[in-house]
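# Coordinate inspection notes
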Amino acid sequence: MHYSGFRIFKEALTGHKGWGPAWRNPEPKPEYDFVIIGGGGHGLATAYYLAKEYSQSRIAVLEKGWIGGGNVGRNTTIVRSNYLLAGNEPFYEYSMKLWEGLEQDFNYNAMVSQRGILNLFHSDPQRDSFIRRGNAMLLHGADAEILDQAAVRKMYPFLNFDNARFPIKGGLLQKRAGTVRHDAVAWGYARGADLRGVDIIQNCEVTGFSIENGKVSGVETTRGKIAAKKVGCAVAGSSGRLMAKAGMRLPIESHVLQAFVSEGLKPTISGVITFGAGHFYVSQSDKGGLVFGGDIDGYNTYAQRGNMPTVEDVCEGGMALMPMIGRARLLRSWGGVMDMSMDGSPIIDKTEVEGLYFNGGWCYGGFKATPASGMAFAHLLATDQPHQTATAFRFDRFAKGRVIDEKGVGAQPNLH
Ligand SMILES: Cc1cc2nc3c(=O)[nH]c(=O)nc-3n(C[C@H](O)[C@H](O)[C@H](O)COP(=O)(O)OP(=O)(O)OC[C@H]3O[C@@H](n4cnc5c(N)ncnc54)[C@H](O)[C@@H]3O)c2cc1C
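Residues numbered from 1 in each chain as written. Predicted model: local features only at pLDDT ≥ 70, side-chain atom pairs only at ≥ 80, totals over all residues. Heavy atoms only, no water.

### Some details on the overall build of the chain
Scanning the chain from terminus to terminus reveals 10 helices and 18 strands. Over its C-alpha trace the chain gives a radius of gyration of 21 Å, about what one expects of a compact globule, namely 22 Å for 416 residues. Counting only C-alpha atoms, the chain reaches 65 × 65 × 40 Å along its principal axes. For the chain, the proportion of its 416 residues judged to be buried stands at 54%. Counting only contacts in the chain whose residues sit at least 6 apart along the sequence, the fraction spanning at least 24 positions is 74%. Surface exposure of the chain reaches about 18100 Å², of which carbon and sulfur atoms provide 52%. (Helix = DSSP H or I, 4+ residues; strand = E, 2+ residues; numbered from the N terminus. Rg over C-alpha atoms; globule rule 2.2 N^0.38 Å. Buried < 20%, exposed > 50% of the residue type's maximum accessible area, 1.4 Å probe, protein only. Contact = heavy atoms within 4.5 Å. Areas by Shrake-Rupley, 256 points an atom, 1.4 Å probe, with all protein chains shown as cover.)

### Regarding the pairing of strand β9 (residues 206-212)
Regular strands place side chains that alternate from one sheet face to the opposite one. Sheet analysis places β9 next to strand β10 (residues 215-221), joined by 6 bridges and oriented antiparallel. Counterpart to Val206 in the pairing with β10 is Thr221. The hairpin formed by β9 and β10 contains 2 residues between the paired strands, and Asn213 there has a positive phi angle of roughly 50°. (Pairing = 2+ DSSP bridges.)

### Thoughts on the side chain of His122
You can see His122 is positioned in the loop between β4 (117-121) and α4 (124-139). We classify His122 as buried; its relative accessible area is 7%. A distance of 3.4 Å separates a polar atom in the side chain of His122 from the backbone oxygen of Pro167. Apart from the residues lying within four places of it in its own chain, the contact partners of His122 are Phe166, Pro167, Ile168, Lys169, Phe275, Gly276 and Ala277. (Polar contact = N/O pair within 3.5 Å; in protein donor to acceptor, adjacent residues only side chain to side chain.)

### So, the domain arrangement of the chain
Where interface size is given, it is often the accessible area lost as the parts come together that is meant. When cut into domains, the chain gives domain 1 (24-77 + 182-251 + 343-415) and domain 2 (109-179 + 253-341). Relative to domain 2, the C-alpha centre of domain 1 lies at a distance of 28 Å. Between domain 1 and domain 2, the residue contacts involve 25 residues of the former and 27 residues of the latter. Both faces combined, the contact of domain 1 with domain 2 buries some 2200 Å², and carbon together with sulfur accounts for 54% of it. It is Arg74, Tyr364 and Pro413 that lose the most area in domain 1 upon contact with domain 2, and together they represent 31% of the buried surface on that side. Run the count over domain 1 and domain 2 and you get 1 salt bridge. (Domains from an automatic or database assignment. Buried area = accessible area lost by both parts, 1.4 Å probe. Salt bridge = Lys/Arg side-chain N within 4 Å of Asp/Glu carboxyl O.)

### Overview of the pattern of salt bridges
All told, the structure shown has 26 salt bridges when counted by the stated rule. The salt bridge partner of Glu11 is Arg7, with a shortest N-O separation of 2.9 Å. Here Glu11 and its partner Arg7 are both found in helix α1 (residues 5-13), 4 residues apart, which amounts to about one turn of the helix. For Glu11, a relative accessible area of 2% translates into the label buried.

### So, the packing of aromatic side chains
Enumeration over the complete set of coordinates arrives at 19 aromatic pairs. Taking the centre distance of 5.9 Å and the plane angle of 65° together, the rings of Tyr156 and Phe158 count as edge-to-face. Following the ring pairs from residue to residue traces out a cluster consisting of Tyr3, Trp19, Tyr48, Tyr49, Phe106, Tyr108 and Tyr189. The ring of Tyr3 carries the charged tip of Arg191 above its face, separated from the ring centre by 3.6 Å. Its guanidinium or amino end placed over the ring of Tyr302, Arg241 lies 3.9 Å from that ring's centre, counting from NZ or CZ. (Phe/Tyr/Trp six-rings, centres within 6.5 Å; stacked < 30°, edge-to-face > 60°. Lys NZ or Arg CZ within 6 Å of the ring centre and 35° of its normal.)

### Concerning the sheet that holds strand β14 (residues 280-284)
Here we have 8 strands laid out as an open sheet, ordered β5-β6-β4-β13-β14-β15-β12-β16, and mixed in their pairing. The open sheet terminates on both sides in strands that have one partner only, identified here as β5 (145-148) and β16 (330-341). Adjacent strand axes in the sheet meet at a mean angle of 25° when their direction is disregarded. Relative to strand β6 (residues 170-174), β4 runs antiparallel, the two sharing 5 bridges. Along β6, the bridge assignment pairs Leu120 with Gly171. Packing against the sheet, α4 makes contact with β4, β5 and β6, and its axis sits at approximately 150° to β4. (Axes fitted to C-alpha atoms, helices over the stretch in contact; angles between N-to-C directions.)

Structure follows, in structure tokens:
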């Protein structure tokens, strides 16, 4: 069924009886050409592009829970391509371009909203480093503007410009960045993949791999064995646990990241704002809630809930930036498990096992990467060659010392 304004009009006149489920609920088949493990954004996008762009069939996505229950439905919805390093920026800018056409492409309203992101700077050296980042973005075809204090004051007059410790001196603005309704992305890709024949199998946990003579021939699941010619793993925060079942130890740690939503307020913040003197980022949802977050909790865990010291730290960042946030009540908060790589950048690569492929290490920036990651992983699975925008995202960069250390903090996943 094609979704359109005409369709909504027709259904309104006929009592909305014609809407069907957005995707099927098939039983797993004994064998597929491609099995994708993980029904998050990345796994679903991979299956969608495998079918649509690479004309592959006999594809299954195996999800241990339900579609949208992982990080794809837990993030703070920010999409942007304001990276500095050559390994990252072309990839994230490619992702931005895919976001810009995504709703038309998969025929689903994902509420892509290019409302802009403003990264504030609070000192002269920080201005210099943001100018450098802006120039790198422009050189890779992205948009970037440096705003002085007066321009920022015009946009957001309520910010705490004269904070004695962290005066706001200006900001780096990317107008094409913004927010996308996170779970609608999972649903849109699921529906698009299903329409092209992909079997999306929920409540199906992968518990092991069938590997013989260094080659994978399928997976063991809670719903029986499934044979596959190629297996792609895209399980984000569960990467370490899953790949251990194939005998691999990854350069990845799992950490919890929390998100927060305030009660609904009148329209206050038109775009996304990030505080440059601590870790705090905020936007306002279309329902009116302020959606915000900050640092990871800083210890290894697979729990999808965080702790009070980080709640306090995030709220302190918010208060330093916009004191009026202290009068809003917190409505809800939750956590998600992050696959933090050793240099803060992702991995999309073959593994040492023939036919077994890996996608992960997204840290807390993987939502914005969803379209490009899906396309790049589909390309790798279909052609056995890295996608042109993802040639740097290889395992061997750690052995060869070619790390993509975007934050410049070294092998410290708790600081990325
Ligand atoms: C609080 C928070 C805020 C964030 N904010 C942003 C942001 O603003 N912008 C941004 O770009 N990124 C953000 N991120 C990061 C982003 O959400 C993730 O990097 C991205 O969603 C990870 O990819 P995914 O969607 O495929 O993961 P997931 O949705 O987690 O998908 C992985 C799936 O694999 C399944 N799975 C695990 N093990 C198995 C198994 N053995 N068998 C079968 N299935 C399995 C899981 O159930 C899960 O559904 C945030 C994350 C969090 C937690």
